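Each chain, written out:
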Amino acid sequence: MSSPINVNLEEDGIALERFTGLVLIMNTPKGRGVFASKPIPAGTTIDICAALVLSPHDAKEHISHTELNNYTYNWPYPTGENGNQTTQAVVFGLGSLFNHSTHQQNVGWTRDLVRQVVTYRTLRDVRQGEELCISYGGHLTFVDADAEELKAEAEAEARDGGEAALARIELV
Ligand SMILES: C[S@@+](CC[C@H](N)C(=O)[O-])C[C@H]1O[C@@H](n2cnc3c(N)ncnc32)[C@H](O)[C@@H]1O
């Protein structure tokens, strides 16, 4: 038996947590996707994922030419003198499997730059069978599988004019 190393679990440990009611579906219009196999209340921690922060050189010269580039997150990289440049990080665990949704994202994420972990939490109640999606931001490198739905939404809004916009504003 290996001897236990002397660690302060409370002070040094990063609690890892993953919600258990999840399934991976292989063949969705967005590729593989993470779905809820039971209802998930708002504010539930879905996963806490460690990140591997790549040097800007490796990100640009090596990873950007590979499939892995579709899985990395923008990440600030300190350049000294309090400066930052943007590099890429590989986020292990479910962090690399959430698909993007422009309007229906139900999972948000926060980054701990010091400990290099990303925490994912539900933004609202999630129904059984719903896909868990995050937002990748505005610059997608692929055709959004929801594009037709988004177009129909935009057209309906244009048709309904101010009324739909007002209804939305009141809801906020
Ligand atoms: C981080 S991976 C997500 C997991 C991926 N679906 C898989 O099967 O490994 C990002 C890739 O998923 C796909 N993807 C994610 N969101 C999408 C969307 N809204 N529409 C179409 N494809 C999407 C794209 O191919 C994108 O490059």
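Report follows, based on the coordinates.

Scoring rules and cut-offs
- Residues numbered from 1 in each chain as written.
- Predicted model: local features only at pLDDT ≥ 70, side-chain atom pairs only at ≥ 80, totals over all residues.
- Heavy atoms only, no water.
- Helix = DSSP H or I, 4+ residues; strand = E, 2+ residues; numbered from the N terminus.
- Buried < 20%, exposed > 50% of the residue type's maximum accessible area, 1.4 Å probe, protein only.
- Contact = heavy atoms within 4.5 Å.
- 1 Å grid on protein atoms, 1.4 Å probe; cavity = no way out; pocket = protein on both sides within 12 Å on 5 of 7 lines; lining within 4 Å.
- Points joined across faces, edges and corners; volume = space filled by probe spheres on them.
- Nonpolar A, V, L, I, M, F, W, Y, C, P; charged D, E, K, R; others polar.

Backbone geometry at N82 places phi at a positive 65°, although glycine is not the residue there. Phi is positive for Q116, close to 55°, though the residue is something other than glycine. With respect to the helices, strands and loops of the structure, Q116 is situated in the loop between β7 (107-112) and β8 (117-122).

Here N99 lies in strand β6 (residues 99-100). Since its relative accessible area comes to 9%, N99 is described here as buried. Excluding residues within four positions of it along the chain, N99 makes contact with T28, K30, R32, G33, E131, L132, C133, I134 and Y136.

Our focus in this paragraph is the layout of surface pockets. Considered as a void within the structure, the largest pocket measures approximately 900 Å³ in volume. Contributing to the lining of the largest pocket are 32 residues, with N70, T72, Y136, T141 and F142 lying nearest its centre. Where the lining of the largest pocket is concerned, the elements lending two or more residues are β2 (31-36), β4 (72-80), β6 and β7. Ranked by residues supplied to the lining of the largest pocket, first place goes to β4 with 3 residues. Broken down by class, the residue content of the lining of the largest pocket amounts to 12 nonpolar, 15 polar and 5 charged. Approximately 180 Å³ is the volume attributed to the second largest pocket. By residue class, the composition of the lining of the second largest pocket is 1 nonpolar, 3 polar and 7 charged.

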